[in-house]
Amino acid sequence: MKAVGQPIRKKDAMALVTGKPVFMDDLAPKDCLIVKVLRSPHANAIVKSVKTDVAKRVPGIEDVYTWEDVPQERFTTAGQTYPEFSPYDRLILDRHVRYVGDPVAIVAGENEACVDKALKMLKVEYEVLPAVLDFHMAKDGDVLVHPEDNWKALCKVGADNKRNLCASDSTEDGDVDAVLADCDEVVEGTYHVRAAQQAMMETFRTTCFMDAYGRLNILSSTQIVYHVRRIISNALGIPKSRIRVSKPRIGGGFGAKQSVVAELFPAFVTWKTGKASKMIFTREESQIASSPRHEMEVHVRLGASREGKIRAIDVYTLSNTGAYGDHGPTTVGLSGHKSIPLYSSAEAHRFAYDVVYTNHMAAGAYRGYGATQGIFAVESAVNEMAQRLHMDPVEIRLKNMVREGDVMPAYYGETAKSCALDRCLERTAELIGWKDKYPYKDMGNGKVRSVGIAMAMQGSGISGVDVGSATIKMNDDGFYTLMIAAADMGTGCDTILAQMAAECLDCPVENIEVLGADTDSSPYDSGSYASSTTYVTGKAVEKACQKLIARILEIASGMLDAPVEELEFASDCVEWPKARKSVSLIDIGTKSMCGNGCALEATESNSSPTSPPPFMAGAVEIELDKETGHVEILDYKAVVDCGTVVNPNLARVQTEGGLVQGIGMTLYENIQYNDKGTMLNNSFMQYKIPSRRDMGNIQVEFESSFEPTGPFGAKSIGEIVINTPAPALAHAIANATGIWFKELPITSEQIAMGVFEKEDIK
């Protein structure tokens, strides 16, 4: 292939590295109103009154808004296909505030100084209520996070606001309890994964203005332009036809921007005033009032024979959605449906879950989307099982793992049509030097070197739900314009989709101009999430190009006076081999502008009934200091099966970035609250993310399979890459210390104290 499979430079690379004005704040209208919100200092309270008169008199203030000024119809801010699984439980401003940071009032003014001054002038009287701060105590607890009667759930997900339940379900295949009772060895454990921030470089930000036709225009750093339009329509109570949403370049999202976070407030201000406005979250706001990963506690029972055959897997997940249910019912499903299917040997499996409301900041989407938490638990249990059975962890996986042609348990009856997981695992073990290094080596002076391993899977879009679309048109001098609504947030999807179009059209990638995403000009697309763009939207690109070629041949047929079936499309012309004639694409494009009834433009949509998983294996070598508990990562080796690798360079950096995020949430990142529900990690001074010195040497390779339902055999890669560091690092730490740590992050202090207590007992 000429374009697909090539390490082509990102289309926006030069604009970004040369500092071109491509981000939201570069493009915001001049002299727009500055919008900020006053946030609640209480975890659970009723706003009795807000005195705004003094604040409104501050020079430059446009207006101040409270719960009395906003619509009272509830909605969700989760960017999901309608009808959303997430309950409708929010208002733009609510009299009942449910976490420290919940908006109380909106202030709009001419500049930041006057807005900051007005915020200080607001006087709020609260009735403070008891708060639910322990998610173990939420279900059927005495304190209701959402006691209101106009709360509603559009889908049957087991939600009940009068029980603090955002979702609940249980599924089982086979008699799990009977099989576990018959197993020679059962590993049981509870694995706690705390919430973690996406920590993208660009914070949440939006600008809004009214156009010449009286429509609300929203320019936002978002992954989901079409969902933003629907959500703003619901929130403001105005028709979708009065709203246009577009996105600039995005400075990172990782799922955080799959929710409407900053868009609500400037949209409301502009709609009320008719004036342009913008809102830019500070880093503190992005820490305390955003959409981090769901805190989950995953209880696993894993049963096996003494020969190492995994016979039963039982998973129960308790998920903390926080004050609102954004993505709560959907993230939890992946904790079981993306961990249990790794082991097709299981005779029986069960997966149950509860998602509960608490008075913490609402959680949302984050790379891995629940699979990360479940894979940490199940893979850790498998590693512990190998230890108990005195088996090599690589061998127990090879004995039990899903392979090509297997029906995947707990994966909606899907068959693995493309799976190189066995090759991924074997190559990873080879790269890390597993046979020589497992389980550990004592280096003296309290230092131990050890290795750990894990494998993972994800999905490629949401089967039967996600829709990807593409419009491709040929211009009059033979180049093409590709219009999409998938959002490139640094992932390189503009480039990857252009490569697919170039492959179909047999032209250089430079001949494909990419536009998106804009609800007025882009065809409908669910958005960039759920690892769907390459697989779902890529297939739409392929289909659209095929349709366009047919239209090009139709025009060429008239120009050459030839039967369409005898024509052949070439890179820069259409040939008639039988008559040894041809016509150039430039001439065809020119002809299409005069006396032509066949548009050189095609739009196609795509949705898949299946979601073929990408697979990967990851192994880490660490040096652990038993005295201080410090973990130094020496090497991380990862091998990924994402089907056909469309762009090796972009796939590699995607993998490296995901691995570093996984390392961060395993060893460092820790959202903490005090006993009043106030977050203690409200800046990067308190919330540590890994630096270049923390990641060690990372090596990534690919073991490609061919997915028959994907474009050019491709599957996804965006999310799976974050899923192996947690179980691999926990395994390496257990090999070095003899202690299985089951709560993330695994801090140096925890390791040092664990080693001290273990040796003290001896």
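Draft legend 1. Spotlight on the overall build of the protein chain. Secondary structure summary: the protein chain contains 19 helices and 28 strands in total. A compact globule built from 762 residues would reach a C-alpha radius of gyration of about 27 Å, and the protein chain, at 27 Å, matches this within 12%. Principal-axis analysis of the C-alpha atoms gives the protein chain an extent of 90 × 75 × 50 Å. The 762 residues of the protein chain split such that 63% are buried. Long-range contacts, defined here as pairs at least 24 residues apart, represent 79% of the contacts in the protein chain between residues at least 6 apart. Total accessible area on the protein chain stands at roughly 28,000 Å², and carbon and sulfur atoms take up 49% of it.

Draft legend 2. Structural detail: helix 17 (residues 648–667). The end-to-end C-alpha distance of helix 17, which contains 20 residues, comes to 29 Å, matching closely the 28 Å that a straight helix rising 1.5 Å per residue would cover. Measuring from the backbone nitrogen of Asn-649 back to the side-chain oxygen at the start of helix 17 gives 3.2 Å, which picks out Asn-647 as the cap.

Draft legend 3. Expanded view of the packing of aromatic side chains. On inspection of all chains with the given rule, the structure shows eight aromatic pairs. Here the aromatic rings of Tyr-191 and Phe-376 are separated by 5.7 Å at their centres, their planes lie at 85°, and the arrangement is edge-to-face. Linking Tyr-191 in strand 8 (residues 185–193) with Phe-376 in helix 10 (residues 371–388), this pair joins segments that are 185 residues apart in sequence. For the pair Tyr-191 and Phe-376, one class covers both residues: buried. Between the aromatic rings of Tyr-411 and Tyr-412, the centroid separation amounts to 5.8 Å while the plane-to-plane angle is 45°, which identifies the pairing as tilted. Here the basic side chain of Arg-293 rests over the ring of Tyr-366, its NZ or CZ set 4.1 Å away from the ring centre. A cation over an aromatic ring shows up here: Lys-688 above the ring of Tyr-668, its NZ or CZ 4.9 Å from the ring centre.

Draft legend 4. Representation of the sheet that holds strand 6 (residues 123–128). Pairing within the open sheet is antiparallel, and its three strands lie in the order 4-2-6. With one partner strand each, in any of the chains shown, strand 4 (96–97) and strand 6 form the two edges of the open sheet. The pairing of strand 2 (residues 45–51) with strand 6 spans six bridges and is antiparallel. Looking at the pairing, Val-47 lines up with Tyr-126 of strand 6.

Draft legend 5. Region of the structure containing the sheet that holds strand 21 (residues 568–569). Strand order across the open sheet formed by three strands is 21-22-23, with antiparallel pairing between neighbours. The open sheet has two edge strands, strand 21 and strand 23 (581–584), and neither has a second partner. Summarising the sheet, strand 21 and strand 22 (residues 573–576) pair through two bridges and their orientation is antiparallel. Residue pairing for strand 22: Glu-568 is matched across the bridge by Glu-575.

Draft legend 6. Focus on the nonpolar core. With 126 residues, the main nonpolar core has Val-300, Ile-622 and Ile-733 as its most contacted residues. In terms of residue count, helix 10 provides more of this core than any other element does, nine residues in total. Apart from the residues lying within four places of it in its own chain, the contact partners of Val-300 are Val-187, Glu-188, Gly-189, Tyr-191, Asp-314, Val-315, Ala-377, Val-378 and Ala-381. Counting 61 residues, the second-largest nonpolar core is a separate cluster that includes Val-70, Val-97, Cys-208 and Ala-235.

Calculation rules
- Residues numbered from 1 in each chain as written.
- Predicted model: local features only at pLDDT ≥ 70, side-chain atom pairs only at ≥ 80, totals over all residues.
- Heavy atoms only, no water.
- Helix = DSSP H or I, 4+ residues; strand = E, 2+ residues; numbered from the N terminus.
- Rg over C-alpha atoms; globule rule 2.2 N^0.38 Å.
- Buried < 20%, exposed > 50% of the residue type's maximum accessible area, 1.4 Å probe, protein only.
- Contact = heavy atoms within 4.5 Å.
- Areas by Shrake-Rupley, 256 points an atom, 1.4 Å probe, with all protein chains shown as cover.
- Expected span 1.5 Å × (residues − 1).
- Polar contact = N/O pair within 3.5 Å; in protein donor to acceptor, adjacent residues only side chain to side chain.
- Phe/Tyr/Trp six-rings, centres within 6.5 Å; stacked < 30°, edge-to-face > 60°.
- Lys NZ or Arg CZ within 6 Å of the ring centre and 35° of its normal.
- Pairing = 2+ DSSP bridges.
- Core = buried A, V, L, I, M, F, W, Y, C linked by side-chain atoms within 4.5 Å.

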